[in-house]
Structure formats: structure tokens, C-alpha cells
Amino acid sequence: MNADYGELLRALLPEALLVATAFLIVSLDLVWGRGRSREGRLQMAVLMGALGVIAAGVVICQDGVLGFVWDGTLNFDRLAISVRVGVLVLTGLSLLGTLGGRGTDQPAEYVALVLLATIGFLQMAVARNLLMAFLGLELASLSLYVLAGYDRTRPESAEAALKYFLQGGVSAAMLLFGFSLLFGLTGSIEFGEIARALVAQPPTALGAVAIGLILAAFGFKVAVAPFHLWAPDVYQGAPTSSAALIASASKLAGVALFWRLLWSGLGPSSGGAGMGISGPGGWVTMVAAMASASLVLGNIVALVQSNFRRLLAYSAIGHAGGLGLGLLSAGEVGPGPMFYYAATYGLATVGAFGCIAVVERNGRCETLVDLAGLRRRSPLVAGCLAVFILSLAGIPPLAGFFGKFVVFAVALRIDGLGHPAGWVALLAIGMSAVALYYYLLVLKQVWVVEAEVESPRIAVPTMAAWALVATALALLFFGIFPSLLLGLF
Amino acid sequence: MNAVPWLSLVVFLPWLGALLLWLWPKAPSGAVWTLSLAFSGSTLILGALALSCFDPSQSGYQFVERVPWIRTLGIDYHLGLDGMSLLLVLLTGIVAPLALIASLRRVARTRMLALLFLLLQGCALGVFLALDFFPWFIFWELSLVPAFFLIKVWGGPGAGRAAYTFVVITLAGSAGLLLAFAAIHGATGTMNFVDLARLRAEGELTLRLAEYGGTVPTLIFLGVLAGLAVKAPLFPFHAWMPPTYAEAPTGVTMFLTGVMSKMGVYGFFRILWPLFPGDLRDHSGPLLLLAMGGAILGALAALRQTDLKRMLAYSSLNHVSYCLVALFAAAGAVRGQIAAVEPALAGALVQAFNHGLSASALFFCVGVLEARGGGARGLNDFGGVRVAAPLLSLLCGVALFSSLGLPGLNGFVGEFLVFRGLFALSPWAAVAGTIALLATALFLLTFWQRVFHGSRSGVTAGAFADLDAGERAVLVPLVVLMVLLGVVPGLITGLINPLVTHWAASLPLS
Amino acid sequence: MSLLPWIPHLTFAGALLSLAAGTRSATAARVTALGTALVGMVLVAIGAVNFAPTSGLQTLVDVPWIQEMGIRYHLAVDGISLTLVVLTSLAAVAGILFSWTVEERVGEFFAFYLLLIGGVYGVFLSADVFLLFVFYEIAIVPKYFLIAGWGSTRREYGAMKLVLYSFAGSSLVLAGVLWTYGAGGADGFSLSALAEAATRLSHIETVVVFGLVFFGFATLAGLFPLHTWAPTGHVAAPTGASMLLAGVVMKLGAYGCLRVALPLFPDGFTAWQPVLGWLAVAGIVYAGLIALVQNDFKFVIGYSSVSHMGFVMLGLATGERAAVGGAVLQMFSHGVIAGLLFAVVGRMVYERTHTRDLTELQALPLHRLIPGAAGVFVIAGLASMGLPGFSGFPAELKILVGVWRVNVWWTVWAGLGVLVAGAFTLRVMQRAFFGQAGTDAAPVAESSSLAPLSLPEKTGAALLLGSTILIGLKPDLLLDWIMPALQSPAFHFAATKGGP
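What you see is a predicted model; the values in this text were computed from it and never measured. (Residues numbered from 1 in each chain as written. Chains lettered and ligands numbered in written order. Predicted model: local features only at pLDDT ≥ 70, side-chain atom pairs only at ≥ 80, totals over all residues.)

Peer 1: I tried to follow the overall build of chain A on my own but got confused; where do I start?
Peer 2: Within chain A, the secondary structure is distributed over 21 helices and 2 strands. By the compact-globule yardstick of 23 Å for 489 residues, chain A fits well, its C-alpha radius of gyration being 21 Å. (Helix = DSSP H or I, 4+ residues; strand = E, 2+ residues; numbered from the N terminus. Rg over C-alpha atoms; globule rule 2.2 N^0.38 Å.)

Peer 1: Help me understand the overall build of chain B in this model?
Peer 2: A count of helical and extended segments in chain B gives 22 helices and 2 strands. Here the C-alpha coordinates of chain B stretch approximately 70 × 55 × 40 Å along the principal axes. Looking at the 510 residues of chain B, the share that counts as buried comes to 63%. The contacts of chain B with a sequence gap of at least 6 include a subset with a gap of at least 24, amounting to 81%. (Buried ≥ 20, exposed ≤ 12 C-beta atoms within 10 Å, placed from the backbone. Contact = placed C-beta atoms within 7 Å.)

Peer 1: Hey, could you run me through the packing of helix 16 (residues 338–372) of chain B against helix 19 (residues 410–425) of chain B in this one?
Peer 2: A pair of packed helices can be characterised by two numbers: the angle between their axes and the separation between those axes. Residues and elements named next belong to chain B. Where helix 16 meets helix 19, the axes come as close as 7 Å, and the angle between the chain directions of the two elements is 150°. Classified by the interaxial angle, the pair formed by helix 16 and helix 19 is roughly antiparallel. Between helix 16 and helix 19 lies a crossing of left-handed hand. Residues Ala 340, Val 341, Pro 343, Ala 344, Ala 346, Gly 347, Ala 348, Val 350, Gln 351, Asn 354, Leu 357 and Ser 358 of helix 16 touch helix 19, and the partners they reach there are Asn 410, Gly 411, Val 413, Gly 414, Glu 415, Leu 417, Val 418, Arg 420, Gly 421, Leu 422, Ala 424 and Leu 425. Classifying every residue of the contact of helix 16 with helix 19 by side-chain character gives 14 nonpolar, 8 polar and 2 charged. (Axes fitted to C-alpha atoms, helices over the stretch in contact; angles between N-to-C directions. Parallel < 35°, antiparallel > 145°, perpendicular 65-115°, else oblique. Left-handed = near helix turned anticlockwise from the far one by under 90°. Nonpolar A, V, L, I, M, F, W, Y, C, P; charged D, E, K, R; others polar.)

Peer 1: I keep staring at the arrangement of the chains and nothing clicks. Help me out?
Peer 2: By contact count, the leading pair among the 2 pairs of chains in contact is chains B and C. One thing to see here is that chain A and chain B don't touch, and their nearest C-alpha atoms sit 40 Å from each other.

Peer 1: Just checking my understanding: could you explain the interface of chain C and chain B for this structure?
Peer 2: Listed as interface residues are 30 residues of chain C and, on the opposing side, 34 residues of chain B. Within the residue set of the side of chain C that touches chain B, elements represented by two or more residues are helix 18 (392–406), helix 19 (408–433) and helix 21 (476–485) of chain C. For the side of chain C that touches chain B, the element with the highest residue contribution is helix 19 of chain C, accounting for 9 residues. When its residues are assigned to classes, the side of chain C that touches chain B shows 19 nonpolar, 8 polar and 3 charged.

Peer 1: How do you make sense of the packing of helix 15 (residues 336–361) of chain A against helix 17 (residues 379–393) of chain A when you look at a structure like this?
Peer 2: All names here are of chain A. In contact at an axis separation of 9 Å, helix 15 and helix 17 are set at 145° when each is read in the N-to-C sense. Once helix 15 is placed against helix 17, the crossing between them reads as left-handed. Together, Thr 344, Ala 348, Gly 351, Ala 352, Cys 355, Val 358 and Val 359 of helix 15 and Val 381, Cys 384, Leu 385, Phe 388, Ile 389, Ser 391 and Leu 392 of helix 17 make up the contact between the two elements. A class-by-class count of the residues in the contact of helix 15 with helix 17 yields 11 nonpolar, 3 polar and no charged.

Peer 1: Hey, could you run me through unusual backbone geometry in this one?
Peer 2: Trans peptide bonds make up the majority, and among non-glycine residues the majority have a negative phi. With an omega of 5°, the peptide bond running from B:Phe235 to B:Pro236 counts as cis. Residue C:Pro225 is reached from C:Phe224 by a cis peptide bond, and omega for that bond is -5°. Inspection of the secondary structure puts C:Pro225 in the loop between helix 9 (203–221) and helix 10 (229–236). Phi is positive for A:Ala223, close to 65°, though the residue is something other than glycine. With respect to the helices, strands and loops of the structure, A:Ala223 is situated in the loop between helix 9 (205–222) and helix 10 (230–237). The buried category is assigned to A:Ala223, around which 30 C-beta atoms lie within 10 Å. With a phi angle near 50°, C:Arg154 is a residue other than glycine that sits in the positive phi range. Along the chain, the position of C:Arg154 falls in the loop between helix 6 (140–150) and helix 7 (155–184). The exposure class of C:Arg154 is partly exposed, given the 15 C-beta atoms found within 10 Å.

Peer 1: I keep staring at the interface of chain A and chain C and nothing clicks. Help me out?
Peer 2: Taken together, the 29 residues of chain A in the interface contact 26 residues of chain C. If you list the elements that add at least two residues to the side of chain A that touches chain C, you get helix 18 (399–415), helix 19 (420–448) and helix 21 (483–486) of chain A. Top contributing element to the side of chain A that touches chain C by residue count: helix 19 of chain A, with 13 residues. Grouping the amino acids of the side of chain A that touches chain C by side-chain chemistry returns 21 nonpolar, 6 polar and 2 charged.

Peer 1: Got a minute to help me understand helix 20 (residues 427–452) of chain B in this structure?
Peer 2: Because the α-helix completes a turn every 3.6 residues, residues three or four places apart line up on one side. Residues and elements named next belong to chain B. If you check helix 20, its first and last C-alpha atoms are 37 Å apart, about what 26 residues at 1.5 Å a residue would give, namely 38 Å. Restricting attention to buried positions, one finds in helix 20 the residues Ala 429, Gly 433, Ala 436, Ala 439, Thr 440, Phe 443, Leu 444, Phe 447, Arg 450, Val 451 and Phe 452. At its buried positions, helix 20 is contacted by helix 14 (284–304), helix 15 (308–331), helix 17 (385–388), helix 18 (390–404) and helix 19. Looking one or two residues past helix 20, Gly 454 carries a phi angle of roughly 80°, positive in sign. (Expected span 1.5 Å × (residues − 1).)

Peer 1: Would you mind showing me how to read helix 1 (residues 6–23) of chain B here?
Peer 2: Residue and element names in this part refer to chain B. Look at helix 1: 25 Å from first C-alpha to last across 18 residues, which is about the 26 Å you get at 1.5 Å a residue. A maximum bend of about 40° is found in helix 1 at Phe 12, where proline Pro 14 lies one to four positions downstream. For helix 1, every residue scored as buried is listed here: Trp 6, Leu 7, Val 10, Val 11, Leu 13, Pro 14, Gly 17, Ala 18 and Leu 21. Along its buried surface, helix 1 packs onto helix 2 (29–53), strand 1 (62–70), strand 2 (75–81), helix 3 (83–104) and helix 4 (110–129). (Bend = angle between axes of the 7 residues up to and from the residue.)

Peer 1: Looking at this model, I keep getting lost on the pairing of strand 1 (residues 58–66) of chain C. Mind explaining?
Peer 2: Side-chain direction in a regular strand flips from residue to residue, so the side chains alternate between the two faces of the sheet. All names here are of chain C. Strand direction decides the pairing type here: strand 1 and strand 2 (residues 71–77), joined by 7 bridges, are antiparallel. Its bridge partner being in strand 2, Val 63 is matched across the sheet by Tyr 73. If you look at the hairpin formed by strand 1 and strand 2, you'll find 4 residues sitting between the two strands, and Gly 70 has a positive phi there, around 70°. (Pairing = 2+ DSSP bridges.)

Peer 1: Looking at this structure, how should I read the nonpolar core?
Peer 2: Across soluble globular proteins, nonpolar side chains have a tendency to be buried as a group. Residues and elements named next belong to chain B. Core analysis: the largest hydrophobic core is formed by 635 residues, its most contacted members being Val 325 and Ala 326. Among the elements that make up this core, the one with the highest residue count is helix 16 (20 residues). Ala 326 has contacts with Ala 344, Leu 345, Gly 347, Ala 348, Val 418, Gly 421 and Leu 422, leaving out every residue within four places of it along the chain. (Core = buried A, V, L, I, M, F, W, Y, C linked by C-beta atoms within 7 Å.)

Peer 1: Could you clarify how one ought to interpret the confidence of the model for chain A in this entry?
Peer 2: Parts of the model with low pLDDT should not have their predicted coordinates read in detail. Here chain A shows a mean pLDDT of 88. Residues at 70 or above account for 97%. Ignoring residues within four places in sequence, the model shows residues 273–280 of chain A, a span with pLDDT below 50, making 18 contacts including any to other chains. (pLDDT = per-residue confidence, 0-100.)

Peer 1: So what exactly am I meant to see when it comes to the environment of A:Leu79 here?
Peer 2: Residue and element names in this part refer to chain A. Secondary-structure assignment places Leu 79 in helix 4 (residues 78–100). On the neighbour-count criterion, Leu 79 (25 C-beta atoms within 10 Å) is buried. When residues no more than four places from it in sequence are discounted, the contact partners of Leu 79 are Ala 256, Pro 335 and Phe 339.

Peer 1: Help me out: how do you make sense of the environment of A:Ala451 in this one?
Peer 2: Residue and element names in this part refer to chain A. Relative to the helices and strands, Ala 451 resides in the loop between helix 19 and helix 20 (462–480). With 433 residues separating them along the chain, Ala 451 and Leu 18 place their C-alpha atoms 43 Å apart. With sequence-adjacent residues up to four places away left out, Ala 451 is seen in contact with Ala 372 and Gly 373.

Written out as C-alpha cells, the structure is:
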């Protein structure tokens, strides 16, 4: 192995920066934070974290596309760069959202954990062999489990963490098992070589099992049915900014990882047209089925939710179906549409959770009714929340609309209704119509209904306000000029 | 002469009067009277002018105004005058002001009433003068609006319902007219009566309509028939008539029976016959049956009425039906019967004119009785009016006998001509008609005898004034005309004979 | 002409300005909104005066937008779109005038209102189907807030139903369009690109896709039996919104059918034609009969809108140039008339008497208490009945001319529909305004102080009445735009013999 450690270090400089920042934050808090207010410590931590994120982002942008690094172990292609930047942006926004929320007793550790999770996401974006993929995935997941349970004042948080951890652990085990089967079948852990080996082999039952296990892990990570069971509880129980991170950056990174794994690694088993084994026998059909199940289940169950966070969870499950659809078509047209959808979905979700955090700071924000009269309490938050919800609903000219549009369009482009993706696209269009109902219910509470009890005005902390507005504007901007993101590919 | 759009003036001057009244909300009563009568009377003046310049021997239209209006639909603003329309314009010019006077007496909100009346008059004139379906239909339909309000707002207790029925039934017929002309437009690209008549004469129209195939040409004919039949009215589409005439205020009824019913008859002559002579000939039998049925029914029903106004309403049905009887009989003429066609057609037109005069006079008389009686107008509510109000009796008597068809009065001329033609064209109809004549005589004489003769009873028992100045102003001109035209019928027949001859000559004979 | 592309964006800007102005005062918001609408109207007028009718779409703006998908920002206009743009400008100004008395959250109200109007303008001016769709959907959400926030009877239910139906309809359209794009391999979303792609679809696919796109748009047009959202929604909406919804937004659906569904999938249209015609006829008659038995004044008008839109859809269903031209004219005519009718019901009558129940209204001598409103309603009602002299008549005439050539039975039933329209209009006119006419009942003491028509009301009414009378007497003004546009080969009309 011709290891060029210099090249590796340069490529992984962002991760190094984040590690350094994490340590720095914890140390500074030990030294300086003793005796300071919670607010102060949080602000210091977040500020430092944001700086670290920005620095990492700058490095990534400066380096640009590096191609294969370290003998093909890591792949810094366009998608990787975009996803790394995207993850950093989402992480940054989640951190800023923390400033608007209720805060925590150990802010420094919290931010450090967030940064560690981010490192995991960054790794997931560039992994090109099974081991690195697992490494990144687990690094991120472990951090997220802890983050989910960070709120010691609420039992739901602990419950969420436990459920997340248990299901995550199982899914990790399945993934590992699948990986080992793959290694056994193909003799390599590198995606490219796996693909080549699979082309040479006939499809076997063992291969199908391996793929099935991998898909199960994928389903878990992105919250696709039927592996979605953790999502409602985690979204509801976890502290708001953790949930924001889980819902946005984790999905983006997860989708990127599995895109790489499934298409460049397992492409020959896809069963899609023109990829070696033709006919609907491969994982494409399975992903299509999972996506369909997600779309239906997520949107239908969301209709009856009265808890806002659970509603967002089920909507996330529905959107995961859309992400799965994006994944399917990425074989034909590349990862552009999928990235756009995931990134803009992430922005909208981060924004929505940011709004929840601000509302929580001044009262309760559990059920939909808690949102009543938000229009009066804070026009800013109400307006931004409307933008986020409408983007999730897919209303133009917001980015969510174009995300859905482009994913559906390229899905139908593959082979019309001859390919499963076409059918899933039609289903997704139908489910979008259904989804509008519950999104409007949220907006009804925010903009139409008056609060039962006299509720106090909400003062939004400045940084959080800027973050919310910037996110909303970004959604509008990317919605009107989607080429800015699509054109990256 | 040609530079001035005389016919447009005829139609729109009453509307101008209505506009002026609308723009003057605080007009005092005197002003309302003067303004409205002036504009209403303009029709007679212009009609007389037209009469003096009119050349009856010319068979086409005179004073024609034709300008393109809606190019994309091939529609023109087209007005024209021939003998028949001149006759009806004159009739309107005579009846309208008198009806207006009758309406304005002793009512509230005279300004509104006068405004609506002038609108109505303008519409009627538009119907008589328009020669393209689009403007014609505008006037035809628009006339319903003022009529509705005039009946409903100033009418009797059941007026609302009567007005509603009247409008709805007329609209139903108009829907048929609309559909039919839409089809005609689709086939030929024009809805102009003159052009279509020419197309029919050349045989083109049949060909074009046949392109629709199937029963559509017949449906078109039936559609036009329906629209006109409801207005005339032709039995059995007459159901709206008796309640409407009875509930409407006197002056309005005068106009309805005098002028508006002629709109329907005019439509038959101007539209149905020239465009569908073949269909009319083929269906002349059943149609003759219906028209005669209307005449007989009208007379018999009138016989059973005790409400004088209803009686006269049915009598109107009877008289107007004669016009239609004549037309249908003439349309069904065979080769040997040409000589009988001319009197029939001439009789129809003369009857239309004369009935307008006598019916409005009669309704006015009943109105006078009703006013004296405080709303009572039953046959048995009066008695011996001859003693109490001799002038009223004289004038009313003349009108009654004119309506009866007494020789020497105008009513006789029309009926005589119609029956003369009928005996040759359709003997059985003539025989049936005599039954109607007998019945008519019976109820009119009953009217005469019960109300005017005998001893003073009922309302007449108390104070019963004779005609006042206003009432005289209405009745005297009408009665004078009735007498005059009875003695010198040539005044009318001279106007229309060449036209009638021309029509007879262009009959498609079987 | 070149100023037309600014109108949607101007209107959106006006929405933001109104929102801001609303924080200062209600009057500021109203004036800002009215100003925006008037500026839009002026621009439309300039465009209209300079318009030279040709048979194709005249491009106003055409720049690449999202090149990865072949989507262009392409605005264009032809006689049909211009007619509807003119209608929108009229309805916008009138709607704002009749919303002058909105008191609560005025800035937000007019912001949503102008957002809706901007979206509508955008739809009529788009020549790229993606862009059309974007504007179409932009128009959806403000509807919800207008109805749920400022409406009356069952407003939340009505709002939700209306919006969900609209969105469901647009989802059907999206499915059809994307299917064409995908399966047909289109290189963009312009009308010509999609039309070309549609030729590559199999016959059965064309039939299905036409069904999706047509019925998707037809939902918004209120085609039977997809019309149930309309009466509920329009009744629930505040006056200005009802005027806009029934007057203009329903026309979006019909326009979509005409601009997108018919030209792109002619084979599909031929296959579906009998169904479409019968559904349209059913809508005309059914909605008319329902209107005849309603006891709520506003519901009568709501159902009458569905009935009149049935006429529009019937015209489209014939596929005959004359009838389609009539349908476009009817879109304009009904847009104006529906606006008038809702204005009378909501603003003139309800705000003064606080009732829409016909039985209650019948006991009031409204023709004497608010004679202005009575007069306006009489004229509007006559226009609604298709009385000659008003814009509905030439429109219905043209439609009937075309329908005769296609199916006799449709014509007969349509004629019945005309009659039913006459009947229910007269009935509601009688009951609402003239219940006490002919009696000398003195007005009840407390209601004798009904306010006379205010200046905004009079202006709005004059604007709309003037439009319907002008077009009624001189329909050439619009037909000279519409008929040449229908000559375009994109519409696949057969050359007709005999008559225009």
C-alpha cells in the first residue's frame, strides 16, 4: 500500500480541525467556564464550534475535488465535497439553533459531541471501502445516541436514546454481518473491486442476504420503512438541537454513503436496466418497495399526529421515501437530484427544529395546539416556520418543491413506468397531496388560530434569529435558482 | 331622408326618455308626465312621418340601416321597415302613450313606472324593426325585464307569481330560439333575417341545415316555433297569459295585449314563415288545429269567467289566435287556393292592428270600472252603468262591438278577411271558427248586458262618476280610430296589400 | 407589451409592501394594495393596446433558467392569455375595492390577496409548463389563509377542502406532465418540447396522461363531479376572495385544460371527448338545479358559478374552434359577473343585513332599503342569465354554435341549463330584493338605516358592470384577440366549413 500520509492529512484536515476544536472547547470550558452562567458557557462553546465548522468548511472549499486519496480508500469527488460542505452548514445551523433553545448544563461537552458526530458524517461522505464506511457510520451514530439522551430533565430523552441505541446497535450488527458476507463473496472491501467481482459472479442467495442486511442498515439510518420505528420517539424525546442534527445532517451523510455503497459497490446487483444483471431482481426493487412503504406509512400516520415533533418524524419518514427514490434514479443521472433533495430537506428540518427550540425556550412546544397564536407571539418565528413547513410540503418557489420535482422527473426519466422508480414517483406525487393536509394543520395553528390562553411574546436571541432567517432565505434562494446546487454535479 | 337614421330614432327615443328620467331622481310629478309622454309620443310622430314617406308598392325594406357590428360573428346592426312593421310601429305609437297615461294615473313612484314603460316601448319597437337576430333578440329578451317589474311592483296581489311565471315560460321559449339560431349560425354563418330568407328562397338554406343530419333541421324549426309560440301565445303555450293580464295594472295590460302580443305574431310572419316555409307547410295541419283550438278555447273560457279582466284576457287569446289561424292556413295552401291566401294574410295583419286598438280600449274600460269599484271587477259587481255613466257606456260599447266584429267597426274587417280566406283554404277550420265567433258574441254581449244594462246595482248603486278628462283622453282616440277604420278600412289595407300580394306570390306550393 | 412580464413580480412586491404598510395602519395597507392592482391594470392596458393578434404565442421573455432540466423562464402571450390577464386586472381592482372594509390584520389580508393575484397573472403569462406549474402552486397556499383567516361559514373546513382539492388536482397534472417528460424523453418543459415528447407515448399512455392532466386542471375549474369544493369554499371565503376565486382562479383550471391538456394530447382528447362533454353538461344542469333549491344567498351564487363553468368546459369539450372561442369569452364574462354577484351578496347585502338566509331577506324590502345594490344585482343577474346585451350572451351563443356541430343532445341539455339558470337567478332576485315589492310595507325601524353604497363599492360595481356591458355590445374587442389565437396549429382544430 503506497500510503501518502501527507496527502491523507491534507485531505482530512477538516476532520483534524474539528477534533482540535472539540478538545479546545472542552478545555476552555474547564478553565474558563467555571462559575460562568449557563448562557455564557453555551455561547462560548457554540461560538468556538461554529468557528471550527467554518474553518473546516473553508478548507474543504479551498481543496476542492481531490479524487481518490490514500490509494483509493477515500473518494473526494464532487458529491463528497458537496456533502461535506452541506453537513458542515447543517451542523453550524444546528449549533446556532442551540443558542435559541433551552440550553443544557454541560454545553461544552454537548458541542464537542456534535463536532464528533460531524466528523463521522464527514467520513461517511468520503468512504470508499467497507471498513471506512462502517467507521464513519459508527462514529456518527455513537455520538448521536448520546446526543439523543442529553436532556436529563426529561425521561423521554433517555427513552429516545435507549431506543435509538438499541435499534442502532442491531442495525450496525446487521451491517457488519452483511459486510462480512460481501467480503467473503468478493474477496475485497473496496467498492470498486466488489463491483468488479460481482459482475463476474452469478447472483447467489448469500449475496441477496448480504444486500438485504445492508439495506436494512440503510433503512435504519435514513428512517425508511420498515426500519423507521426509532424515528418518532427520537424526534419527540431528544433535545431539540440533537433532533435537528439527526434529522438533517445524519440523513444527508447517510444517503451519500449508501449511494456510494449501493451504486459504485453493489451496482451490478442493482437489477436496474443496463447495469449488468437486467430485470427487476436486484436491490433496486427492494429499495423501491421500501421507499413506497415509507411514503405511504409516513404520510398517512402523520395525518393523525397531534404532537408536532412526532408529526415531523412521520413526515421525515415520508421524505425518506423520497430520498430513496432519489437514490434509485441516481444510477442514471448521478447524485445531483438526490443531493439537492437531501440538502434542502435538511435545511428545512433544521429550521423547523430551530423554531421549536425558540418556542420551547418560552413555554411548551409539544403538541400542535402549543403553536397556536405564534403569529402574535413572534411574527419572525411564525414567518420562518411557515417557510420551512411549506418547503417540506413542496410548495414553490421554495427549494422543497424543486427537490421533489427534480427527483420525480428523473425517476420517470429512467424508463417511464417500465422501471419501479416511475411507479414510486407517481405514488410520491399522490402522497404529497395527502401530506399537504397535515402541513396546513401546522400552519393553521401558527397563522390562523388564536391562542387559548394569553401567551407572552417570544423574544428571539439575535444569533438564532439570524440563523432562522438565513435558512429561510436560503430555501427561497435555492428554490428559485436550483442550478446553483444542481450545477455542482 | 337617408342620412338621418329614422328607425334608430324610433327605437331609441323612448330609451333616451328613460335615461333622462333615471338621471333625474327628484323629478316632480308634472315633469315625469311631460317627459314620458313626450318621448312615448315621439313614436307616433315619427311613425306618421314614415307613413308619409312610405311607398307601399315597393316590396323590400325601406329606411334601411345596416352597419357591421360584430365582425367575428357576422352580425350586423340592421333595421328596416316594410308594410307590416310600419303597421305595428303605428299601433305601438297609438297604444303606448295611451297605456302610459292609464298607468301613471293615481299610482305611486310614477318616475320608476314611466322609466320602465319607456324601456319596454323601446324594446317592442326594436323587435318590430330589427332584421338581424342578434339585435332582435336583445330587444326581445330585454323587454321581459321592464315587463317583469311593471307587473310585479304595481300589479295586484298575485302579481309576483304571475310575473315570475310569465318570465320563466317566455325564457323557456327563448332558450329554444337561441339554440335554433345558434344552429343556423353554425350552418350558414349568418343570423340575418333578410339574408336567411334569401338563402331559403334560393334553396341554399335547406342544404346547409341538412348538413347537421338527422332530425336537427326539424329541431331547429321547432326551437324557433317554441320561442314564438310562447309569446303570441299559441295554444297550449298560453298558460301564462290569463293570470299575467289579470294581475298586471291596467295600463300595463293594455300594452301587453295591444303591442306585446303582436310581437309574437310578428315573429311568426317575419322569421318562422320566411325561413321555414316548407316545414310550416308540412306541419300546417296540426298548427292550424292548435291555433283554432286556441281561438275556441279562448272564447269558451272567456264565457265562463266572472272576473272581467280574465274574461278579456281569454278574449285576447281568441282574437290573436285568428291571426295565427290565417297564417297557418295560408302556409298550407295548395295550388288552387292562391286566391284565398291574400285575404287570409291581409286579414291577419288587419286583425292584429285592430285587436290592438279594441283590446286596449276594453281593458281600459275594465280598469275604469275597477277603479270606481275599489278593486272589484267581477261580472256581477256592476249593473246599469249605462244610466250612471253614459259616456263610458258609449265608448265601451263601441269597443265591445268592435271586438265582437260588428260590421261598420274596425274589428269586422279583419275577421271578415280571415274567414273569407279560411273558407277556401280550410273549410272545417272556418266552421270551427264560427263556433268561436258565436261564443265571443255571447260573452261580450253578456258583459254588455250585465254591466251596462239593467238597474244600478253593486258598485253602481252608489256614487259612480262618468269619465274624467284623463280617461276621456285615453278612450276617445281609440274609439274614433275604431270607427274610422271600420268605415274606411282601406287606410290599413292600402298599406299592406302589396306586401301581402308579394307574400302570396312567393309561397312554396305543394 | 414588454412591460407585461413585470406584472407578476410587481404584484408580489406589492404583497410585501402591503404587509409592511399594514403594520402602520389599515388605510396604508389598503391604499398600497389598491395602488399595486391599479399599476398592474395600467400595465395590462398598455400591453393590450399595443397587442397585435397573431396566431401563435408572442414571446415576452425567454431566458434559460434550470439548464439541467431544460427549463426556461419563458413568458409569452397570445389573445387567450391576454383576455384572461385583462380579466385578472379587473377582478383584482374590484376585489380590493370590495374588501375595503376588512378590519382585522389588513396588511396580511392584502399580502395574501396580492400573492394570489400575482400567481394567477404568472399562470396566464407562462409558456413553459414548469413555470406555469410553479405559479399555479404559488397561488394555492394564500387561498387557504384568506379563507381560514377571514372567512365565514365553516371557514376552516371550507379552506382545507378547497386547498386540498386544488393541490390534488395539481398533483394529477404534475404526474401527467412528468410522465410525459420521462417516458417521452422531452428535452425541456416548454409546450413544444412536451408536445413533441407526447407523440412518443403509446396510445394507451396518451389516453391516461390526458386524463391525468385534464382532470387535474378540471378540478380547479369545477368540472362535475370534482366540483364539490367550490360551493363550500366560495361560501366560506370573504367577499374579495370569493370574487377572485370564482371569478379568476376557477379560470386557471379551464385555461390549463386549454393551454396544456388539449394541445399536447390530441389523441387522448379524442378518446375522452364524450365523457368530458357529458360531465360538463351534467355540471351545468345539476349545479343549476341545486342552486334552485338553496336557501342561502351565497350558496346560490356558488352553485351558479359551477353551472357557468360547466358551459366553459362544454365549449372546450367540443374541440370546435367556435365553441372554444366562446368558452374563452365565457371565462372572461363569467369572471366579471361572478365577481359582481359575490360582491353584492357579501359586501352589499351581508355586511348590512348580517344574514344570507333567503327567507329572512324576503321579509326585508331590500329594494327600497338598498336600491343601489338591488339595481346592481338585477343587472348582474340578467347578465348571469345570459341576457343579450351582456357579455354572457355572445359567449353562450358561440359555444352553442360549436356544440351543435358535435352533439345534438349536449345542445339540448345545455339549453335546459340556460333555462334553469334563468329560473334560479330570478328566484333569488325575487326573494332577496323584491320580496316586499308591490306591498306598501314600511321598512322595519331598525333596518331602515342601511347604509347606502360607499364609493369603493360603487367604483367596483361600475368597473365590472361596465366591462360586461361593453363586451356584451362589442364582443369583437375580445374575440379579435381570441379567434386568431385559436388559429394556431397547436390546437389541432379541424378546419370548419360554414361559419366562423
